[in-house]
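Topology and contacts: notes
Okay, here's what each chain looks like letter by letter:
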Amino acid sequence: MLKVLKAGLYSSIQDLGRFGYRDIGVPVAGAMDSESVKKANLLLDNEENDAVMEITMTGPTLQFNYDTYISLSGAQIMATLNNEPVYNYTVIKVKEGDILSYGRLETGFRGYLAIKGGFKTGKVLNSRSHFYPVTKMGRIKDGDELPYEATQNYAPKISGVKIEELFGLGTLKVFKGPEFSLLSDTQLADIFTRTFGVSKENNRMAYQLAELITGHSHSILTSGTLPGTIQLTPAGRMIILMKDGQTTGGYPRILQLSEASISILAQKKYGDELRFKLV
Amino acid sequence: MKSYPISIKPFGERAILVEWPKEVNEAILADILDFMDAFKEKGILGWEMSVAYNSVTMVYNFGPVDFDETKVVIQECRKNQTKSKTQRIQHLWTLPVCYDLEFGLDMENVARTLNLSTDELIKQHTSHEYVVYGIGFLPGFMYLGGLPSTLEIPRRAEPRLKVEKGAVGLAGKQTGIYPQESPGGWNIIGNCPVNLFDPDKSTPCFINVGDKIRFTSISEAEHKLHKIEGEVGIYKPEKIALNA
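What this report covers is the structure whose coordinates are included nearby. Counting restarts for each chain: residues are numbered from 1 in the order of the written sequence. The naming scheme follows written order: chains are lettered A onward, ligands numbered 1 onward. Only residues with pLDDT of 70 or above have their local features reported here, since the model is predicted, and side-chain atom pairs are shown and tallied only from 80 upward, although totals for entire chains, interfaces and linings are computed over all residues. Excluding hydrogens and water, the side-chain values take into account all heavy atoms of the structure.

**Quick look at the overall build of chain A**
Here is the rule: In DSSP terms, a helix is any run of H or I states spanning at least four residues, a strand is any run of E spanning at least two, and both are numbered starting from the N terminus. To get the radius of gyration, use the C-alpha atoms; to get the globule rule, take the number of residues to the power 0.38 and multiply by 2.2 Å. Relative accessibility decides the category of a residue: with a 1.4 Å probe and only protein chains considered, values under 20% of the type maximum give buried, values over 50% give exposed, and everything between is partly exposed. Note on contacts: a residue pair is in contact if any heavy atoms of the two residues lie within 4.5 Å. The protein chains shown are the only cover counted for residues, whose accessible areas, like all others here, come from Shrake-Rupley with a 1.4 Å probe. His is not counted, nor are the chain ends; Lys and Arg add positive charge and Asp and Glu add negative charge. For this purpose, a charge sits on NZ of Lys, CZ of Arg, CG of Asp or CD of Glu.
Scanning chain A for helices and strands turns up three helices and 18 strands. The C-alpha radius of gyration computed for chain A amounts to 19 Å, which stays within 12% of the reference 19 Å derived for 279 residues, consistent with globular compactness. Along the first, second and third principal axes, the C-alpha atoms of chain A reach 60 × 35 × 30 Å. The buried share of chain A, reckoned over its 279 residues, is 57%. In chain A, the proportion of contacts linking residues at least 24 apart, taken out of those at least 6 apart, comes to 75%. With an accessible surface of roughly 11100 Å², chain A has 51% of that area assigned to carbon and sulfur atoms. Once the 31 positive and 29 negative side-chain charges of chain A are each reduced to a mean point, those two points are 2 Å apart.

Dropping the structure here:
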């Protein structure tokens, strides 16, 4: 068990997502920055889809009840194991009783903690990803005990992965969305020449951009949406749906983020700037 | 049956959107369901398909999709699809609703705005069959079509931060049930005690797109009873097979 002494701002268990239930309205969920999760799992010879802990901005304090190995990835949040600093993208040996705690956020927004064999919390609809109320809990809370399997001896095949600081990038690659053709020349110019800021309204469901562009009066019939779908409200607000985002929506879907750009956006926080590039 | 023209659009790296004419009608829905059956028969694994009114969003979970290749498959399915298969059994479900003011937070206001008595409003809401045109927004939330125009009312100016599970609402041309507690802007006129989404069941959502819903008015006591029956797993809403 991993004992959660303090849960941090918003920490949850996530794998790569809950697939196959979109037709009954269940969001994909899963790690916001799946690229970082894959790297953390790779270091431990885990499956790509093994469950990790997603940590937002302020990290938790955790105590390990058995020996294991862990790796950290994603946002650079200063972390210590028994008060000794530990670093992202390395394999870290952990002993029974050790305490991992997080400090200051340096870069990015969401960090990941992978554990040898993955977290073994319960699966609901084929995924361990927290998503309330499909799962009983929406996130980790103080005092939780998260199961994992003990590992005494592990010789990593690789000791580090190439760190592409993808989330340092400010340009998001986008495809034309289903309603792209509704955009006027003014709106197109707005979208592709301006810089946008991430608003306070940003969470696992969606990121809203701070600046408005020219509005519109188009209405569409409710239709499917995906993580990475950018909707434009009549007021000219751009809303980017993320992993917990609803499966259908009624605003024009003007753009669609590339898969890699979803991970990049997941590392942005309030006030960060971004631009769009059509691919 | 009429054959509708469709459009096939790429939707990012791993999805394709297939759209029918921008209308809400049962013939289009039947055409969409026939197309989906034809695609499923191809047996290509990894595709998820979700229907909403005039579209199917097709998502491939195994990686990026080859749009041109899949477009050909979609066109072939379209050509070969058989019309309204009899093996697709659809049901008419009767869902109980308590329209008591305890639940119907907006009932009086809605009745006043629509110039109806509350009794007349309940009578109208319970005397129509609604078609399930899609499931989305929330797990188990049904997009229902077929609301009489006399019950059309705009969304509330200010959405509520918290709408109770089971709340039955009206908004524009739509009526529906919130399957879980959620923020919401619909006008709430009652509450349905039936659990519409249960992740612990092998079929978490027992109602399917293409099914029909009829509401029936129940008392507060019946509401309480059905809720308890639902919690212990013995309440089964009444259903009739439409085309068995």
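**Points about the nonpolar core**
All names here are of chain B. We apply this condition: As used in this record, nonpolar core signifies buried Ala, Val, Leu, Ile, Met, Phe, Trp, Tyr and Cys residues forming a set joined through side-chain atoms within 4.5 Å.
Phe39, Met58, Leu95, Leu121, Met142, Ile213 and Phe215 are the most contacted members of the largest nonpolar core, which totals 77 residues. Counting residues per element, this core draws most heavily on helix 1 (residues 26-41), which supplies eight residues. Not counting chain neighbours up to four residues away, the residues in contact with Leu95 comprise Met142, Ile177, Cys192, Val194, Leu196, Ile207, Ile213, Arg214, Phe215, Thr216 and Pro237.

**As for the pattern of salt bridges**
All names here are of chain A. Defined as follows: Each salt bridge in this description consists of a side-chain nitrogen of Lys or Arg and a carboxyl oxygen of Asp or Glu lying within 4 Å of one another.
Enumeration according to the criterion identifies 23 salt bridges over all chains in this entry. One salt bridge connects Lys95 with Asp67, and the closest N-O pair in it is separated by 4.0 Å. With a gap of 28 residues between them, Lys95 in the loop between strand 7 (92-94) and strand 8 (99-115) and Asp67 in the loop between strand 4 (61-64) and strand 5 (68-81) connect regions that are remote in the sequence. You can call Asp67 buried: its relative accessible area is 14%.

**Considering the interface of chain B and chain A**
Stated formally: Two parts placed together each lose some accessible area under a 1.4 Å probe, and adding up what both lose gives the buried area. Whenever a nitrogen or oxygen atom comes within 3.5 Å of another N or O atom, the pair is scored as a polar contact, on the condition that within protein one atom can donate a hydrogen and the other can accept it, and that pairs from neighbouring residues in sequence are kept only if both atoms are in side chains.
On the chain A side, the residues contacting the 35 residues of chain B number 36 residues. Roughly 2800 Å² of surface becomes buried between chain B and chain A when both sides are summed, with 61% attributable to carbon and sulfur atoms. In terms of surface lost to chain A, no three residues of chain B exceed Phe11(B), Glu13(B) and Glu48(B), which account for 21% of the buried area on that side. The interface formed by chain B and chain A includes four salt bridges. The partner of Asp200(B) in a salt bridge is Lys136(A), and the shortest N-O contact between them spans 4.0 Å. Taken together, the links from chain B to chain A amount to 11 residue pairs in polar contact (both at pLDDT 80 or more). The biggest single contributor to the side of chain B that touches chain A is strand 3 (residues 47-52) of chain B, with four residues.

Fair warning: the whole summary comes from geometry, so function is off the table for now.
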